[in-house]
Amino acid sequence: MRYYFVDQDRKDTVVDLNKVETNGSISKFIFSEKTFYARRLAGKLFGSWDQQKWFKLTQLSAGETVVSNTVTYKMYRGFKPSGLFSGGAGALVTQMPGKVVKLFVKAGDTVEKGQTILILEAMKMENEIKAGVSGVVKSLLVQPGQALESGVLMAEIEE
Amino acid sequence: MLGKRVLIANRGEIAIRIAKALNELGLVSVGVWTDNEPEAAHLEYCQEWVHLSGNTNRDTYLNVPKILELIKKYKIDAVHPGYGFLSENGEFAKTLKAQGVIFIGPNPEAIAAMGDKAISKQWAQKAGVPVVPGSTGEVPTVEEAIKLCQTIGYPVLLKAVAGGGGKGMRPCYSDADVKTNFEAVQREALSSFGNAGLLVEKYVQNPHHIEVQILADKKGNVYHLFERECSIQRRHQKIIEEAPSPFIGEDTKLRKEICETAVKLAKAVGYDSAGTVEFIMGDDRKFYFLEMNTRIQVEHPITEEITGIDLLANMVKSAFNQPLDFKTQDDIKLHGHAIECRICAEDPVTMLPAPGKIAGFETTFPQGIRFDHCLYPKFTITPDFDPMVGKLIARGYDRAVAIRKVRAALDGLLLDGLKTNIPLLKVILDEESFKKGEYTTHYIAGVKPQERVAITEKPESLLVRVASVEMGQV
Amino acid sequence: MLTNSERREQLAQLNAQAELGGGVERINKQHEQGKYSARERLEKLLDPGSFMEFDKFVVHKSRAFGIEKTQYLGDGVITGIGTINGQQVALFSQDFTCWGGALGAAYAKKICKVMDFALEHRIPIIGLNDSGGARIQEGVESLAGYAEIFWRNVQASGVIPQISLILGPCAGGAVYSPAMTDFIFMVEKTSYMFVTGPDVIKTVTHEEVTKEALGGASTHNEKSGVAHFKCTDEDDCFERVRELLSYLPSSSSVKPTAVLTADAANRTNTKLKDFVPDNSRKPYDMKELVVEVVDDGHFLEVHRDFAKNILCGFASVGGVKIGIIANQPAVLAGVLDIDSSTKAARFVRFCDAFNIPVVTFVDVPGFLPGTVQEYGGIIRHGAKLLYAYCEATVPLITVITRKAYGGAYDVMASKHIRSDINLAYPTAEIAVMGAEGAVNIIFRNELAGLKGEAFDKKKKELVENYENEFANPYRAAELGYLDEIIFPEQTRARIYQCLKALEHKKVRAPERKHGNIPL
């Protein structure tokens, strides 16, 4: 069971709970490097690192926000929800027939993921073809004004 | 007085505190909830719950016509304004008086007298209360400024008349300094506040903020309940308060002097109900009147703890012209020491407000702790309201014991889900100069305790959170 | 006679033996390939300690080819129930360490038993597939076993969510079980599915192709559309399954529960104010719009890499779980074609089966022209999406952000096919066709005699007039085909309001055995 703690800068801290063993009223939580124990007593929740010294815990639910001094985390149990995906490869291939209208880079340029490489006019739309990865433009195989079929390799970006 | 209906025109922890006093005196506590706080925790202590429509403070707690409507509709006999909101609104007090509704606070004339900084200073001077020496108004030229400075004595502060928040002021230690800085401060004042007017004031060095609690009845009897020291402040807001003042310490003569001075002023303006006279005291142990707060204050609990006197109950009794719980000034005795830490929803390093939702709330306190708050698990603190969510007060046999107890209480206060200043409070309470009681209002700026706050807890604290969630899954 | 404690010893030993499956060596081999063992997968997927195993000691009773000499406790598949996010689910996990996870009679019976359990108790069923196929030694009994499973897949279809994880090979007839389930997850490098493998293909058609290229995760996610999710590794796969399940109800007889979110339901989408570009030929990323509207930006895309000109996925608005369909103007100008129609149609029908309201964002210029589409049957595939929307009885909310032309306007959840609420932005263009095409037809005579500059000028004038007249939502609004034209920043608040209003929608479908959707 993996927990994700996502802070205000969208950085993750991952905590892996490998196993839970329950022995009577005490539950044993086996993490990658440490083991923790927890139990209920008189309607409250207590935890311990050695089953000797016990301290009170707050009672939390998944999906809540927890704070560690100055850092605020959103806590996700079992999965990190999908937000804005980034998909895409270094090879830019035409998806449909079209005409190259404008090029913004040349071979050897460094590009960032999401940067517009060229404009392809197709389906009566000016489609911005964007780099799927950050890297260097290995090759630019088309020119402005060129009419292309579907499935043509327009550029290659090497990461 | 029994059975009289009192409207609490406030919310949060002070509303709870007021309700406690009203309930114990046999009055009917009428609490208010607004549209932006339908789950108002303070209602738990109120006997009657009344809806005040509106989504902002301006529309609700600060809306006099709406409150007057409520008073009429629910046949209210008296109003307790708490602190903030309408507590120092002289017009409101006057209106209530005219309508025959009791305002649980001082009379309108006293509010007016002490409400304006300039007017209150005049009253103080008339009453023979020392005020910060300085110009009575603007000082137009360098020459006049220097003449004044020579009378007052250096060091002095050149201050913008329209200034505030610590801006537009420069200390000067000699005539030459005044000559150098006069025009500079004028320019700063003009650009920051649009007004180039300057005044001159004595510069109190290593200042302490010391205030005296006043309680008076309607028969002209004015009492003091000793002093408090509130020098630990940031952005001119108090974070930690103590009673009595560690700076005054064992100097009973000084204590008597400052407390009786406060009483003198209160008597001079015909004060009744509870109030606080604020002084500034330099390391030369000379004190000067700053202003008077004509209301019950946030930090009143520490005075209650060292005197054993219920300020709220007596405030209410005074308003209803009932005899107070004690008879003479000598009945009020000082026992031990008390410290209050204000728990605020804010970043412990930047000290900026950080609203949020409480994910978990647990307390494990030592003996001698009082926690005045309006918290509950899943409570959401919104930017609408003050970031202070509670006051942690410890009473001890002496100052060291009080510090020990409040420090342990901070360890036992678990508030998860939002940033709080608890880590900062811990740093301050552990810090040497605070423990010795050697601090002034420059403490935060000088010692910079916020820089000693760890950015995060140890990584193990995340494992503990995981275990807590898992235990809840079953 | 064994004593009590000796019996306890015996049980403990048998448990341990069953849990080893095909043995430590084979488990290690799985690990070397980046695969978990069948049991490890269950531990990682389910809530800790929640798994209860059925039929741990079932063994096969076959006598063919001497296989009675080898018995595995559990016969190579682990079945049982557990919880995910607190939700009860039934599962089976095929154990590759036992005869390569090959299926025989007892094995199939175990799977059928847990499928029956899931169907009867209305909980989702999850299959972790990792098998070499049928146990040849058991002959027709293996085939019969598969068929029993297939039949149950169909009985359960639309009653309980069925999810397949392909975590290893899945070949031959075995692929048909996952094929009939609702969602298929595949893992890069370790999973593959095909009906006939590269070896047979080589001999029959002489094509040379690797297992990965023929039926790996990328192939089925991008080319064939057989798989709905592509995962980087098994851990990622389990996380996505958990995420998917968090949006689904336990069965079709209940509605999805609410999501706990701090995102205010009436939050203004200020980012969308100028989001649709002025130039109607300029594309934009519809996913950004969706992410801005939904709770906390959480949008679980289904079939992300297939038919990218349409988006399908799960999200929530104000805590209400919804399915989202949205044309994607950034890919293929957002046209509808064979793949996008089938992708969206299946998604709409899944949401309809499981009481999940569907919100549709429309920006479609029409259907993709060309012989490839026509010969490929765009007529009957496009009809699938139309059929799915018409058939749906869940709350349907439509938001037209820009283009809605021609037949595609009708298909994309228009009012006429009984979408409940139809909203449009001021930038919406609802017409039979775009200005250029329309002008060419309507004003053919006026333009016939003109040439060169005069032609261009006249055409430009006519196009502009047409656009002012028709490239807006008002003609449709005048006819009551739109319920409201909203400002884009109101999108989220409006959708939430509609979802609340439509909470108790109840529509009775006509009495019939079932319709005849074009396939």
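On a predicted model such as this, the values are computed, not experimentally measured, just so you know. (Residues numbered from 1 in each chain as written. Chains lettered and ligands numbered in written order. Predicted model: local features only at pLDDT ≥ 70, side-chain atom pairs only at ≥ 80, totals over all residues.)

**Overview of the overall build of chain A**
The cut-off we apply is this: Every helix listed is a DSSP run of H or I at least four residues long, and every strand listed is a run of E at least two residues long, numbered separately from the N terminus. Each residue is classified by how many other C-beta atoms fall within 10 Å of its C-beta atom, where C-beta atoms are placed from the backbone; a count of 20 or more means buried, 12 or fewer means exposed, and values in between mean partly exposed. Contacts here follow a simple rule: the backbone-placed C-beta atoms of the two residues must lie within 7 Å.
Each helix and strand in chain A was counted, giving 0 helices and 16 strands. Here chain A, with 159 residues, has 29% of them falling under the buried criterion. When contacts within chain A are restricted to residue pairs at least 6 apart in sequence, long-range pairs at least 24 apart make up 42% of them.

**With respect to the packing of helix 12 (residues 338-353) of chain C against helix 14 (residues 378-391) of chain C**
All names here are of chain C. Rule in force here: Axes here refer to lines fitted to C-alpha atoms; in helices the fit is confined to the stretch in contact. Angles between the N-to-C directions go from 0 to 180 degrees. Here is the rule for angles: anything less than 35 degrees is roughly parallel, anything more than 145 is roughly antiparallel, 65 through 115 is roughly perpendicular, and the remaining ranges are oblique. Crossing chirality is assigned from the near helix's rotation relative to the far helix, an anticlockwise turn below a right angle marking it left-handed and a clockwise turn marking it right-handed. Put simply, Ala, Val, Leu, Ile, Met, Phe, Trp, Tyr, Cys and Pro go in the nonpolar bin, Asp, Glu, Lys and Arg in the charged bin, and everything else, Gly too, in the polar bin.
Between helix 12 and helix 14, the shortest axis-to-axis distance is 8 Å and the interhelical angle comes to 20°. Put simply, helix 12 runs roughly parallel to helix 14. By crossing handedness, the relation of helix 12 to helix 14 is classed as left-handed. Listed contacts from helix 14 to Ile338, Ser341, Thr342, Ala344, Ala345, Val348, Arg349 and Asp352 of helix 12 are Ile378, His381, Gly382, Lys384, Leu385, Ala388, Tyr389 and Glu391. Grouping the amino acids of the contact of helix 12 with helix 14 by side-chain chemistry returns 8 nonpolar, 4 polar and 4 charged.

**A short note on the interface of chain A and chain B**
Listed by partner, the interface residues are 33 residues for chain A and 34 residues for chain B. Secondary structure elements with two or more residues in the side of chain A that touches chain B: strand 1 (2-7), strand 2 (12-23), strand 3 (26-31), strand 4 (35-41), strand 5 (44-48), strand 6 (55-57), strand 7 (65-68) and strand 8 (71-77) of chain A. A class-by-class count of the residues in the side of chain A that touches chain B yields 17 nonpolar, 11 polar and 5 charged.

**Let's talk about the interface of chain A and chain C**
Contacts between chain A and chain C engage 25 residues on the former and 25 residues on the latter. At the level of elements, strand 2 and strand 13 (125-130) of chain A are the ones that each hand at least two residues to the side of chain A that touches chain C. Here the residues of the side of chain A that touches chain C are counted per class, giving 11 nonpolar, 8 polar and 6 charged.

**Section: the sheet that holds strand 8 (residues 198-202) of chain B**
Residues and elements named next belong to chain B. Rules: The criterion for strand pairing is that DSSP finds at least two bridges linking the strands in question.
If you walk across this open sheet you meet the 3 strands as 7-6-8, and the pairing is antiparallel. With one partner strand each, in any of the chains shown, strand 7 (169-172) and strand 8 form the two edges of the open sheet. Here the strands of the sheet are splayed against their neighbours by 25° on average, with no regard to which way each runs. Here strand 6 (residues 156-160) runs beside strand 7; their pairing, made up of 4 bridges, is antiparallel. Note that in strand 7 the partner of leucine 157 across the bridge is proline 171. Packing against the sheet, helix 6 (residues 142-152) makes contact with strand 6 and strand 8, and its axis sits at approximately 15° to strand 8. Strands in contact with helix 7 (residues 175-193) are strand 6, strand 7 and strand 8; relative to strand 6, the strand with the most contacts, it is inclined by about 25°.

**What about the domain arrangement of chain B?**
Rule in force here: For the domain bounds, the source is a domain assignment made automatically or taken from a database.
If you check the domain split of chain B, you get domain 1 (5-104), domain 2 (142-202) and domain 3 (208-452). Measuring from the centre of the C-alpha atoms in domain 1 of chain B to the corresponding centre in domain 2 of chain B gives 43 Å.

**Let's talk about the nonpolar core**
Convention followed: For the purposes of this analysis, a nonpolar core is taken to be any set of buried Ala, Val, Leu, Ile, Met, Phe, Trp, Tyr and Cys residues that are connected through C-beta atoms within 7 Å.
With 150 residues, the main nonpolar core has B:Ile8, B:Val79, B:Ile214 and B:Phe279 as its most contacted residues. In this structure B:Val79 touches B:Val6, B:Leu7, B:Ala9, B:Ile71, B:Leu96, B:Val101, B:Phe103 and B:Ile104, once residues within four positions along its chain are discounted. Counting residues in hydrophobic clusters, the runner-up holds 142 residues, among them C:Ala108, C:Ala330, C:Val364 and C:Ile430.

**Some remarks on the environment of B:Ala266**
Note that B:Ala266 resides in helix 8 (residues 252-268). Once you skip the residues sitting within four places of it in the chain, B:Ala266 turns out to touch B:Ile214, B:Ala216, B:Val222, B:Tyr271, B:Gly275 and B:Val277.

**Digging into the sheet that holds strand 7 of chain A**
Read from one edge of the open sheet, 8 strands run 6-5-4-3-2-1-8-7 (chain A), paired in antiparallel fashion. With partners counted over all chains shown, the strands left at the sheet margins are strand 6 and strand 7 of chain A, one partner each. Between one strand and the next, the sheet's axes are offset by a mean angle of 35°, whatever the strand orientation. Packed on one face of the sheet, helix 15 (residues 460-473) of chain B meets strand 1, strand 2, strand 3, strand 4, strand 5, strand 6, strand 7 and strand 8 of chain A and runs near 50° to strand 2 of chain A.

**Observations concerning unusual backbone geometry**
In this model, B:Tyr154 is joined to B:Pro155 through a cis peptide bond whose omega is 5°. Examined against the element boundaries, B:Pro155 turns out to sit in the loop between helix 6 and strand 6. Cis geometry marks the peptide bond from B:Ala243 to B:Pro244, where omega comes out at -10°. By secondary structure assignment, the location of B:Pro244 is in the loop between strand 11 (237-243) and helix 8. Positive phi is not limited to glycine here, since C:Lys189 has a value of about 75°. Tracing the backbone through its elements, the reader meets C:Lys189 in the loop between strand 7 (183-187) and strand 8 (192-194). Phi is positive for C:Arg418, close to 75°, though the residue is something other than glycine. Structurally, the position occupied by C:Arg418 is in the loop between helix 15 (406-411) and strand 15 (421-424). Overall, the presence of 14 C-beta atoms within 10 Å leaves C:Arg418 in the partly exposed class.

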